[in-house]
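Geometric and topological summary
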Amino acid sequence: MLRATFKSLLSRKARLLLSGIAIILGVAFITGSLVMRASFGSSIESMFTTAFESVDVQVTSENSNPVTGQPDPIPESVVSQVQSVEGVSGATGLVSDAANTVVVIDKNGKAIPAFGAPTIASNWTGVEDPLEIREGAGPTADGEIAISASLADSTGYAVGDQFPVISTVTSEQTAYKVVGVVGYTGGRDTLGGEKTMWFTTTDAQNLVMGKTGAFTNIDVKAASGVSDNDLRDRIGAELGSSYKVQTGDDLAKEISGQFDELLGAFNNILLVFGGVAVLVSIFLIINTFSIIVAQRTRELALFRAMGAGRGQVINSVLLEAAIIGVLAGIVGLALGVLVGWGGTAALGGLFGGMDATLAIPPSAIISALVIGVVVTMLAAVFPAIRASRIPPIAALRDAANAERSVLPFGIAGGIFLVLGGGMLTLALTGNAGDNRLAMMGGALFALFIGAVVFTPVIARPLVSVIGRLMSWSMPGKLGRRNSGRNPRRTAITAAALMIGVTLVTAIGVLSASAQASIDKYFENSVKADLMIGAAAPAGPPPTFKPELLGEMKSVPGVNIVVGAWVDFGAKRGTEDVLVQATDDLAGMNYMFAAKPVEGNTTTLGPNDLVINKMAAEQFGLKLGDTVPLKFSAAESAKDFTVTGITEVSTDGSATWTVASSNAEQFTTSNPMQAYVELDEGADTQQVTDQINTLLADNPLVTVNDVSALSDQIKAIFDIISTVFQVLLIVAMGIAVIGVVNTLTLSVLERTRELGLLRAVGMKKGQVTGMVAVESVVISVFGAILGLAVGAGLGIAAQQALKDQFIDVLALPWTTMAFYLVAAVVIGVLAALIPAYRANKLNVLRAISYE
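Residues numbered from 1 in each chain as written. Predicted model: local features only at pLDDT ≥ 70, side-chain atom pairs only at ≥ 80, totals over all residues. Heavy atoms only, no water.

Here we take up the overall build of the protein. Across its full length, the protein carries 25 helices and 26 strands. Within the protein, the fraction of its 850 residues that count as buried is 50%. Long-range pairs, those at least 24 residues apart, make up 83% of the contacts in the protein between residues at least 6 apart in sequence. Summing over all exposed atoms, the protein offers an accessible surface of approximately 37500 Å²; the carbon and sulfur share of this is 59%. (Helix = DSSP H or I, 4+ residues; strand = E, 2+ residues; numbered from the N terminus. Buried < 20%, exposed > 50% of the residue type's maximum accessible area, 1.4 Å probe, protein only. Contact = heavy atoms within 4.5 Å. Areas by Shrake-Rupley, 256 points an atom, 1.4 Å probe, with all protein chains shown as cover.)

Here it is, written out as structure tokens:
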């Protein structure tokens, strides 16, 4: 029986190869994600271990700025306190900013966006490993700067040039003379893609913290014979809980751990899509083995007649599955390692060519074996059981594959659909309580599974309807009937394609709805024509001088200008609150269509507070209540009186508005944003250019056309949708292989039938047309199901998220039409190989085929 199994397997190499490809792609997707995470994590850890190799102990503040994330300044006196600790050979105050507080201005006068690896501003303390001077020297006088080789290369600045930077703390632009270019040992221009600039200590303090006499961290050297861990503990005991004391190893692990968390989230997304690819592969394997078992009816019956037991037949089929799974798992693992290594190298490019370290975690090897062997064997279980039920008498008659009932699929699918429908009703009617979103997620999953399982029930009638559109000729009619001949087989093949289209369509519905909601928000809730704010959405929010608001108002064509100050670190007692200040409350309410609920909502006194309805409900406040608010730069809280309550249709959080005179105690006393309404008929571009001229000394601030801003925000959803579609291409590719595999095996199954058709006069072109119609019908059937189910799931999800800003339903008709047309193209392409094999059949041999 074992030899017969191997011979049977070798006789169907081409058929089983297609199934193996599906498993290989699924394994590669999963293992590649795991290898990339492990390799990138190892590379990051190695990079930061090198970066902190010269650090014995470092001291930073436990508290940090809520906006920039920069640690609070350490008083200069603490350096002396650390120096006095036993075992310390030296303590040096450092200024280091990795929060892009100091922004470089390029030679075109524009701010360099703070994307990717950070641009670091630091104070110069001398040349110490791994630093090395490439050209010139370090800064020794105020007004001088040394830059890293990576920064010099990316900006084009050289020794002797004036190097302009702007501090987001002071909002002031200053030019420094480049006196040196610094590299790292080993010929490296950077350690991890970062770009660094070094100033004198005084200049660095003013740029990063806006004051002198303080540092961001303290570098401590251990005396001979004192371990880093012992020194860390001694300093920690001396300074108390207000400071964080870490060794170089601690720092490397902490920072690399932060990157690992981010990579883990990205990796989980990849694993989800890999899971989808594996799910589609399961459908393909089930179909392949079901067809092969059906074709081997006489062969398996002969085994039974010769004395083989049911268990031996089951084991024979499962052994074939195991062999395919092992081989596909090994190939998939190798491909996954290459994919993971390539992904690591690509991500390393974001860190200035970080040295990539290959790491193959045990989970990748285990996953390859589990997916390759276990999943393949599980998918082959039901076909194996069916094979064991073939009676020996079947060997004495012509093999005929009786159509099996689809009733079990109808019952199982119906149960899931009813369950999902009930959960969906509970979620949408608000009867799920706090578990509404979880209930909605469960409902969508149940409906999705129900739709997939229920597919065989509706396969024959839908396939018949779709096929009629292409059955204008006899080959077309035969192709339509062939596609409906075995509803279970057709449904499983189509379901593989349906899964990918369903997910793409559901994501498309959410993306289109989000974009429509954004359009509605800007049309109904934002009256401003221009918004003045950050030029790049990264780093701490830039500000501009309040005097510019008055100058903007004098620009021809400007009707209203409203300034906005924001304090991200304000507190009400122990609670964090978002406080904004404005110089024109009536104008602010007008710009954002805020409706008065009660009280004075047009003017603000120095102690007045206007809140939105959400804040009033969330904190139980009413007119006349006294609210103590402590601003970021204030030493103590100040009492405000609630004088007005407003409501905005898009309120998503509690907001607190005070007069601009209070902004002196904010994170920054300068406005972060301004909103401009133009006179009717004013030239938008001309006004924009004039205001940008006023902002010439603020490269980080720019004027945005609100309509263009809306398009930019919507573009983000386009990118997200595109990324998901690209990730689902693997699953759709496996589904196409499934169509090819099913048709190829179907052609072999109908060898005698095709021979008879050729014998009675059917030409090769007509055979190709018949196979093509069958293929297109199956593909279009899967696409239509996917579009319908995906649209339904997307609509349900949008309804559940109506309170989360996505309050407008929109369908991506263009995308949906594209996938419907693509299904026709896929069907035609998938038919090429099966049609070629069908036309290669020898008519006489085909007629005598058993």
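Before going further, it helps to examine the sheet that holds strand β1 (residues 57-61). With respect to topology, four strands assemble into an open sheet ordered β3-β13-β1-β14, the strand pairing being antiparallel. If you trace the sheet from one side to the other, it starts and ends with β3 (88-94) and β14 (243-247), each paired once. Strand-to-strand twist of the sheet, defined as the mean angle between neighbouring strand axes without regard to direction, takes the value 20°. When β1 meets β14, the two strands line up antiparallel, connected through five bridges. By the bridge assignment, Ser61 is partnered in β14 with Tyr243. (Pairing = 2+ DSSP bridges. Axes fitted to C-alpha atoms, helices over the stretch in contact; angles between N-to-C directions.)

Pairing analysis gives five bridges linking strand β7 (residues 131-136) to strand β10 (residues 172-184), with the strands arranged antiparallel. Bridge pairing in β10 links Leu131 to Tyr184. Here strand β8 (residues 144-148) pairs with β10 via five bridges, running parallel. Within β10, the position partnered with Ala146 by the bridge is Gly180.

Among the nonpolar cores identified, the biggest contains 62 residues, and Val280, Phe283, Val452, Ile499, Phe781 and Leu793 are the most heavily contacted of them. Breaking this core down by element, the ones donating at least two residues are α2 (13-51), α7 (248-295), α11 (407-428), α12 (436-468), α14 (487-525), α20 (729-749), α22 (764-800) and α23 (813-830). Not counting residues within four places of it along the chain, the set of residues in contact with Val280 comprises Ala496, Ile499, Ala731, Ile734 and Ala735. (Core = buried A, V, L, I, M, F, W, Y, C linked by side-chain atoms within 4.5 Å.)

As a further point, take the pairing of strand β25 (residues 673-678). Burial analysis of β25 places five of its six residues in the buried class, the great majority of the element. Bridge count between strand β15 (residues 530-534) and β25: three bridges; the pairing is antiparallel. Bridge pairing in β25 links Leu530 to Val676. When strand β16 (residues 558-567) meets β25, the two strands line up antiparallel, connected through six bridges. Across the sheet, Val562 pairs through a bridge with Tyr675, a residue of β25.

The subject of this paragraph is helix α5 (residues 201-209). If you check which residues of α5 are buried, you get Asp203, Ala204, Gln205, Leu207, Val208 and Met209. Gly210, located one to two residues past α5, shows a positive phi value of around 75°.

Attention shifts here to helix α13 (residues 474-483). Of the residues making up α13, those classed as buried are Pro475, Gly476, Gly479, Arg480, Asn482 and Ser483. The buried residues of α13 occupy one face: seen down the axis, they fall within an arc of 165°. (Arc of directions from axis to C-beta.)

What follows covers the confidence of the model for the protein. Residues with a pLDDT of 70 or more make up 89% of the protein, whose mean pLDDT is 82. Confidence scores differ between elements of the protein, with helix α1 (residues 2-10) showing the lowest mean pLDDT of 65 and β8 the highest of 94. (pLDDT = per-residue confidence, 0-100.)

The grouping of Trp341, Leu358, Ile360, Ile365 and Leu369 at the surface amounts to a nonpolar patch, some 440 Å² of accessible area in total. Secondary-structure assignment places Leu358 in the loop between α9 (310-348) and α10 (362-388). Exposure remark for Leu358: the relative accessible area of 42% places this residue in the partly exposed category. (Patch = residues over 30% accessible without salt bridge, like charges linked within 9 Å, V, L, I, M, F, W, Y side chains within 5 Å. Salt bridge = Lys/Arg side-chain N within 4 Å of Asp/Glu carboxyl O.)

For the rest of this paragraph, the subject is the packing of aromatic side chains. Scanning the entire structure with this criterion turns up eight aromatic pairs. The interplanar angle of 85° and the centroid separation of 5.9 Å between the aromatic rings of Trp124 and Trp198 together place this pair among those described as edge-to-face. Placement of the pair is Trp124 in the loop between β6 (119-123) and β7 and Trp198 in strand β11 (residues 195-199), with a sequence separation of 74 residues. The exposure class of Trp124 is buried, given its relative accessible area of 16%. (Phe/Tyr/Trp six-rings, centres within 6.5 Å; stacked < 30°, edge-to-face > 60°.)

The next point concerns the packing of α14 against α22. As a packed pair, α14 and α22 sit with axes 6 Å apart at the nearest point and diverge in direction by 35°. For α14 against α22, the interelement crossing comes out right-handed. (Left-handed = near helix turned anticlockwise from the far one by under 90°.)

Here Ile133 shows up in strand β7. Look past the residues within four positions of Ile133 in its chain and what remains in contact with it is Trp124, Val127, Gly138, Val181 and Val182.

It is worth spelling out the environment of Phe163 at this point. Relative to the assigned elements, Phe163 resides in strand β9 (residues 162-167). On the basis of relative accessible area, Phe163 is assigned to the buried category, the value being 0%. For the pair formed by Phe163 and Lys177, sequence separation is 14 residues and the distance between their alpha carbons is 6.0 Å.

Here the structure, examined in full by the defined rule, presents twelve salt bridges. Between Glu128 and Lys221 there is a salt bridge; the shortest N-O distance is 3.0 Å. One end of the pair, Glu128, is in the loop between β6 and β7; the other, Lys221, is in strand β13 (residues 217-222), and 93 residues separate them in sequence. Classification of Glu128 as partly exposed rests on a relative accessible area of 37%. According to the relative accessible area criterion, Lys221 is partly exposed, its value standing at 21%. Notably, a salt bridge pairs Lys571 with Asp576, separated by 2.5 Å at the nearest N-O pair. Residues joined by salt bridges that share partners form a network here, namely Glu128, Asp219 and Lys221.

What follows is about the side chain of Thr216. By the secondary structure assignment, Thr216 is in the loop between β12 (214-215) and β13. A distance of 2.6 Å separates the side chain of Thr216 from the side chain of Asn217, its partner in a polar contact. Setting aside its immediate chain neighbours within four residues, Thr216 contacts Val59, Thr60, Gln70, Pro71, Ile74, Leu94, Val95, Ser96, Val208 and Met209. (Polar contact = N/O pair within 3.5 Å; in protein donor to acceptor, adjacent residues only side chain to side chain.)

This part covers unusual backbone geometry. Phi is positive for Ala593, which is not a glycine, with a value near 50°. In this structure, Ala593 sits in the loop between α16 (585-591) and β20 (595-599).

This next bit is on the packing of α22 against α23. Viewed as axis vectors pointing N to C, α22 and α23 meet at an angle of 155°, and their least axial separation amounts to 7 Å. With respect to each other, α22 and α23 are oriented roughly antiparallel. Two packed elements cross with a definite hand, and for α22 against α23 that hand is right-handed. Residues Ser775, Val776, Ser779, Val780, Ala783, Ile784, Leu787 and Ala791 of α22 pack against Met816, Tyr819, Leu820, Ala823, Val824, Ile826, Gly827, Val828 and Ala830 of α23. Classifying every residue of the contact of α22 with α23 gives 14 nonpolar, three polar and no charged. (Parallel < 35°, antiparallel > 145°, perpendicular 65-115°, else oblique. Nonpolar A, V, L, I, M, F, W, Y, C, P; charged D, E, K, R; others polar.)

Structurally, Ala427 is set in helix α11. Residues Ala427 and Gly441, 14 residues apart in the sequence, show an inter-C-alpha distance of 9.4 Å.

Looking at the secondary structure, you find Ser367 in helix α10. Owing to a relative accessible area of 17%, Ser367 belongs among the buried residues under this scheme. With sequence-adjacent residues up to four places away left out, Ser367 is seen in contact with Ile30, Thr31, Leu34 and Gly372.

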